[in-house]
Structure formats: C-alpha cells, structure tokens
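One-letter residues, chain by chain:
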Amino acid sequence: MLQIAALFLAGRDWLWPAVAVGGAVLCAVTWSYLRTPAPHLLRLACAVLKLLGTAILLACLLDPMWSSQRAKPGANVLAVVADNSLSMTLHDRNVAESRGDVLRRAVSGQGNLWLTRLGDNFEVRDYLADTRLLPSQNFRELSFDGRGTALGHTLEQLLEHHHGQPLAGVILLTDGIAADPANMEKLRQLPPLYPVIFTRDSPARDLAITNSAVTQTSFEDAPVTIQADIAAVGFSGEEIVGKLVPVVAGKTDADEKPIATETATVPANGEKVVLHFQIRPAKTGVLFYRLKIAPTHPSTPEVTLANNESIITVDRGAGPYRALYVSGRPNWEYKFLHRAVEADDQTQLVGLIRIAKREPKFSFRGRTGEDSNPLFRGFGNQSKEDIERYDQPVFTRLNTVDEFELRDGFPKTPEELFKYRAIILDDLEAEFFTQDQMSLLQRFVSERGGGLLMLGGMESFRDGKYGRTAVGDMLPVYLDSKTESNPEGPLHLGLTREGWLQPWARLRANEADERQRLADLPEFAVFNRTGTAKPAATVIATVNDGHHDYPALVTQRFGRGRTAALLIGDFWASGLGDEKRQADLLKGWRQIVRWLVADIPDPVEVRAEPQPDGASVRLQVRARDAKFLPLDNAAVTLKVSRPEAPASEAPLSLHAEPSASEPGLYEASFIPRESGGYRVDAAVVNETGAAAGQSATGWTSDLAAAEFRDLKPNRALMERLAQQTGGRVLSPDDLASFARDLPSHRAPVTETWTRPLWHTPWVFLLALLCFVGEWGLRRWKGLA
C-alpha cells in the first residue's frame, strides 16, 4: 500500500505579493479579451490558458513542497527466498530452459539489477528453501536438489529468525508448488508476501499419483481396498495401467509379480483418473506395496517419471485377536462360531460354557462326607480348592492359553477381562453376573474400547432380565419398553440401507448376488423380541414375518467401544441345507467377529506422524498397563528398519522420551534418509523391568513422489496468501518495476522526505504548454 503524500507551502512570505500580481494579471487579461472581437468561447479558452500558466508561475513564488513517507534506506530487512527443490528442474511446455534456469538467470549476472536496486534501500537477505530454510550468499548455492517444497515450514522458520526485526517483506521466488499448503494457510503473521512464479500453468505431458488411501474392512473376499488418484496431463483418451507389487525384503520388483492390475481410460475433458485395487493379503502385520502407473501404449515421454511410483503401507495388525464367548448352556451356535473362527488366523475364540447351573445350598443324599459335585466323581483326586460344590456353577473352558485362564469362571478383575478384545454373550441370564462384573463389562466397552455382542439365546435380552442393568444400558435396543407385537410365522432375513453400506454385513461382492443369497436362506423360527433400536443405534439387518420388519442385527458406539445385538436365536440354521450355505454361515461369523475386534486399542500402540517440514517423522508410543491406565516411568525402545534394506543394514535403535503433555505418551523423532517404506517396532518395559507390550507400524517416505505430486502452480494459494498479507503475485518480468516501487510501500521503519515542487520539470512544462496553447489558438483564428 502506498504512503499518503502531502503538499504544503514553504514560502508563505510571498503569498500576498503573489496574490497582488495575480489580481493585476487577471484584470489585464479580462480587459484585453473583452475588447478583442472574437467568438465568446474562443476568448474564454484563451483567457483560461493564459491565466492558468500565470497561476502556475506565481505558485512557484510560494515554494510549494511535496512531502511523503518512504522506507528508510538500510533500516528495513527484505528477505528474498528462492525455491531450491527438485521441481525447479522441470521444463514447461515448449520451453527450452528449466524453471530453475530461469530463476538462476533472474538472480545472477545482468538479470539481478533489481536485487541491486533493492539493496540501495533495504538490507536484503538471501535464503534457499526446500524442506528447510538456509541462508545464502547471492544464491551461489542454488542446486535445485532439495527433497521437497515445504514452503509453509520454511516461511515459519523465516518468521522465527526475524522475530523482533523490521522485516518489510518477503519475495518468494518459486514455481508455485507447495507440498504443505495447509501449513501455509496458518501463516497469518507474515509481512507482505510477494510470490514470483517461474512456471506456466501446466506441464506438457505427465502422469502423477496425487493421493492414495487404504481402507480395511471385515469383508473376507477383499478386506483391503487401495484407491489411487492419478493426475493425467496430456493423456486425454489414452489408457493407463496401474500395477501393485509387494515390497519384500531382499527382493527387487523384478522378482515379484503384480498382485493386482487395473486399467483406466483418461476422460477426454478431464485430467483425473481413480484406480481401485481390492486385495486379500496372505500375511498379517505391516505390509508394503509399490504402486506403478504408466501409459498402456507409451509414445511421447513424460516430463518426469519420479511421480509414477508410490509406496503404500497396509497395517493388517499382529493378531490373533482374542474374543471371549460366554454361554449359559452348550448350543449349536457355538459349534459353528468356533468352527468359523478356527479357520481364521486373525482371530481366536476362547470359550467359557456353563454345563450346570448353581444349585441351592442344601444337602443331597450321597456318600458320607461327600461335598463335591457328583458330576465330577471318579475323575481323579480333587483338592478342596478344585472341587465343584453344589452351590457353584459348573463350567468347561475351551481354547485357553493355560490352566489358569478362566479357572475361576468369568473374570472379576480388569487385568483378567481387558486382555480380550471382544465379549460374546449367549443364553446367559443377568443373574449370572455380580454387580461388580456388570460394571466391569461396562468399563470393558466404554474405557478399554472393547466390543460386546449379545446373541439371541433363550435367556438373553429381556428374557434374561438385562433391563435396567449396566449391560442392558450398553445394548443398542431397549429392553424395558413394551413389545407392540410379536412376529407371526417364519422369518426372512434382509439388509437395511445402512446394512448394505457395511462390507462386513455382506457375503457377496455385488448387490445382485447378495440379494439372491438372502432370498435363498432358510426361514428362521426363533426370535428374541425386544423394544425398538436406540436413537444412536444402527439397524444393519431386519427379519420380516410377511407383515412387519423387526430389527435383527443392531449396532452402536458406546464410549470408546461398540456393542451389537443379534436377536435371531437360531442363526446357525442359515447354514443348513448344503455345503455352500454352511460355508456362507462360517464366512458370516468370521466377518462379524472381525468387525467386533477391529479398531480396538492395544495396551501398546505406536504411530508415525510426518511433520510439517516434510523431512522428519514423529514416533509416538502410547503405553497402558493391564487396567488400561496410562503407564508412566516406562522404558520405550524403538527399532526402525527398511524392508528394502540390504541384510547388512541393521535396524536403528531409538529411545522414546516421556511427553510433558499426556501421561503414558512417549515420543521420538526420526529423519528418513532414503525413499521407501519404514517399519518401527516398539517395546515397552515397565518400572519393575517386566515387559508391558509390543507394537509395530509403518509409514512411507516417497520424497520425490511428494515433490512431483502436482506439477501445476498453486496460483490460488499464492494469490490468497499475497492478498492476506498485503502483497501481490508477480511474474519475472515485473521484478524491475517492482524494485523501483517497493521503497514507497509500507515498511516498519520509515522516514519523511520533502521535495520542492518547482524543481520538477513537469511544472514548468505545464506552464509552457498553457502559454503555447493560448498563442496557438490566437494564431489559428487570426487574432492580434
């Protein structure tokens, strides 16, 4: 913004003489033209010109002074930041020079006269910017080999370096590409920013992977979906192919065959293509894949191939994830549920099945002195601690890790219960649990973040008297409301609109096949009627008796966890009839259990968060004890490795430090030096020296791909930042005029300057033009 100028009179002593002379001239000119025989308008024009010229000369007697504000020479700092990233090496369409060559020419040799002019009025400081900000000496260090364009981060560093200094502005020499536009939006305290864009709007021809997203579901046929967004410039109507190749330690891409291939045709009037890959990884844990794109029929070369590849991380979890099944009696449902989970390497089912209820406390006729349960008579010598008494229920434990797991029945402490990720209740009345166990179950879901599923056995839900209990409060259906009607006749299963959107609720890959499968299911005969679904619940499936729809599968979030209700009591019957139905039943149970244990917090969790500078990664480890409370005073060790590294490269060991902002959080920083996938393994040891848990995760560092993700200048961002800070966007051709005008713009340190108006040539030129114009009119019309 220009400074406000002012005009004042220095020679006020000459005011009255000038007024007197001016009055005399006015009278003389008026008397002269009144006597001249000529048209009225001609006489008026000649008189005005002569009087105006005389007034300009008389005004010079008053010594008029022009006053304004300008930046004080040498008192303000002006930062010139040059983009030194790899994207500056690209060539625009029909341009022989690269972007970097044009920039180098503008800051060196005859092209840097604008910098010399700026140096006359400002303290000019030169900087190079890529992933960090570096000082420069006349830009001699320009090499255009920076791994990324973290302009937001570098400008933030610039503000920190000049805190408290009179920074008048920032000239940003760039190609308009910012790898961190979100960070640049946060820069509200910048002085006027002047982006100078050294590129055209688009390259000639290029394919680029702009974004990739990984979605994991419990759908068994294709549990992992990878979506890749492709920017295709100059490929209208051409076919491109994408290949997904696993990254395996010790092997190159040539050794591995693509596990998925997708093709797509670039729209005639569009430049964006989306590829979808659906895969079923054979392994669990942290996996890496390399996505490659190329035209099916290559012709003209692309601007760069660095953005045609991307590393994708898929975290399938360590597993197996354990779920606890608790039933009040042996039943068919457990048989098929156990058979389904047994074939899944990601889940594990632990069973606690009651085979005899608790009996009243009175004496039975039996052998003298016998107080143990006759059911266990003859099974070896039992100690007093191990015998099953009449007043205690009798359980059988299935698939436990050792003889101590569930030895005392259902867990009574958080340490025992919280080691499971999900609980399945079936055919079990509410009186089975103590009040403390009910509260513990609620804490398991709300605080630990576990999953709870209640099946529709004969002693579940309302028939099990769960209304107004801690467990009933968690369920997604009301248990204390009055039942409006009961189903009449056989029941047919169907999915709701929300159910169709849940991959774990479907067994077929397309809607037509899934509808046919549902239509072929046998009818159900057992249904546990409850009230309506709660407001926050989602009805996934319903059953219909020919007249009404009733909720059959309902889910909802509860605290950090989730709960579900399957109200069909004979769900196992859907697997009867033939082998295909039985396979579908087992597949359905696996998907339900996978959904139930998915996204459940672990005692130790590690995350990798790339930082705004585009170079470093923050590694965060959250550690919890057996009660799932934050674990302090722990020793956390991190081992960082690369799957593509040679066998001789040992993992890098780091020690995470406790965070001051959150209990149980430990942090460390890591700077990747190579592009590719990275894996970090975290091991936590508590203050007693015992192992508290382990976890692993992965991330990718595609340095070149991130830099070349989008080759178009982000002009909208540059315009917005310039407008917010009071600057403007420039082209390289504007630099000379900009350097001339910048000292008259606002600056932290200014000075007042004055200049005699009569010293300017245009004042006398204007007076002369008035007299010459009056003389020309007189000569033209033949006046004396």
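Residues numbered from 1 in each chain as written. Predicted model: local features only at pLDDT ≥ 70, side-chain atom pairs only at ≥ 80, totals over all residues. Heavy atoms only, no water.

A. Representation of the pairing of strand β15 (residues 321-327) in the model. Counted residue by residue, β15 has 7 buried out of 7 residues, so it is predominantly covered. Pairing of β15 with strand β16 (residues 347-356) involves 7 bridges; the strand directions are parallel. Along β16, the bridge assignment pairs Tyr325 with Gly351. By the bridge criterion, 5 bridges tie β15 to strand β18 (residues 422-426) in an arrangement that is parallel. Bridging across to β18, Val326 finds its partner in Leu425. (Buried < 20%, exposed > 50% of the residue type's maximum accessible area, 1.4 Å probe, protein only. Helix = DSSP H or I, 4+ residues; strand = E, 2+ residues; numbered from the N terminus. Pairing = 2+ DSSP bridges.)

B. The environment of Leu287, seen in detail. Residue position: Leu287 is located in strand β13 (residues 286-295). Separated by 29 residues in sequence, Leu287 and Arg316 have C-alpha atoms that sit 7.4 Å apart. Excluding anything up to four places from it in sequence, Leu287 contacts Pro281, Ile312, Thr313, Val314 and Arg316. (Contact = heavy atoms within 4.5 Å.)

C. Structural view of the packing of helix α2 (residues 40-60) against helix α17 (residues 761-781). Contact geometry for α2 and α17: axes closest at 9 Å, N-to-C directions at 155°. By the angle class used here, α2 and α17 are roughly antiparallel. Remark: the crossing between α2 and α17 carries left-handed chirality. Residues Leu42, Ala45, Cys46, Leu49, Lys50, Leu52, Gly53, Thr54, Ile56, Leu57 and Cys60 of α2 lie in contact with α17, whose contacting residues are Val763, Phe764, Leu766, Ala767, Cys770, Phe771, Gly773, Glu774, Leu777, Arg778 and Lys781. Its residues assigned to classes, the contact of α2 with α17 shows 15 nonpolar, 3 polar and 4 charged. (Axes fitted to C-alpha atoms, helices over the stretch in contact; angles between N-to-C directions. Parallel < 35°, antiparallel > 145°, perpendicular 65-115°, else oblique. Left-handed = near helix turned anticlockwise from the far one by under 90°. Nonpolar A, V, L, I, M, F, W, Y, C, P; charged D, E, K, R; others polar.)

D. Quick peek at the side chain of Asp427. The residue Asp427 is located in the loop between β18 and α9 (435-446) in this model. Sequence-distant contacts of Asp427, that is, excluding residues within four places in its chain, are made with Ser327, Gly328, Arg329, Asn331, Arg354, Gly457, Met458, Glu459 and Ser460.

E. Local environment of the pairing of strand β6 (residues 167-174). Among the 8 residues of β6, 8 are classified as buried, and the element is accordingly described as predominantly covered. Note that strand β3 (residues 77-83) and β6 share 6 bridges and pair parallel. Residue pairing across strands places Ala82 opposite Leu173, the latter belonging to β6. As paired elements, β6 and strand β7 (residues 193-197) share 5 bridges and run parallel to each other. From the neighbouring strand, Leu173 faces β7, where its bridge partner is Val196.

F. Geometry of the packing of aromatic side chains. Using the criterion set out here, one finds 15 aromatic pairs in the structure. Judged by centre distance (5.0 Å) and plane angle (40°), the rings of Tyr325 and Tyr334 are tilted. Residue classification places Tyr334 among the buried positions, given a relative accessible area of 10%. Arranged with centres 5.0 Å apart and planes meeting at 80°, the rings of Phe410 and Phe433 form a pair that is edge-to-face. Placement of the pair is Phe410 in the loop between β17 (394-398) and α8 (414-417) and Phe433 in the loop between β18 and α9, with a sequence separation of 23 residues. Taking relative accessible area as the criterion, Phe410 reaches 3% and is therefore assigned buried. Ring pairs connect the aromatic residues Phe395, Phe410, Phe432 and Phe433, which therefore count as one cluster. Looking at Arg205, its charged tip hangs above the ring of Phe235, at a distance of 3.8 Å from the centre. One cation-aromatic arrangement involves Arg421 over Tyr321; the distance from NZ or CZ to the ring centre is 3.9 Å. (Phe/Tyr/Trp six-rings, centres within 6.5 Å; stacked < 30°, edge-to-face > 60°. Lys NZ or Arg CZ within 6 Å of the ring centre and 35° of its normal.)

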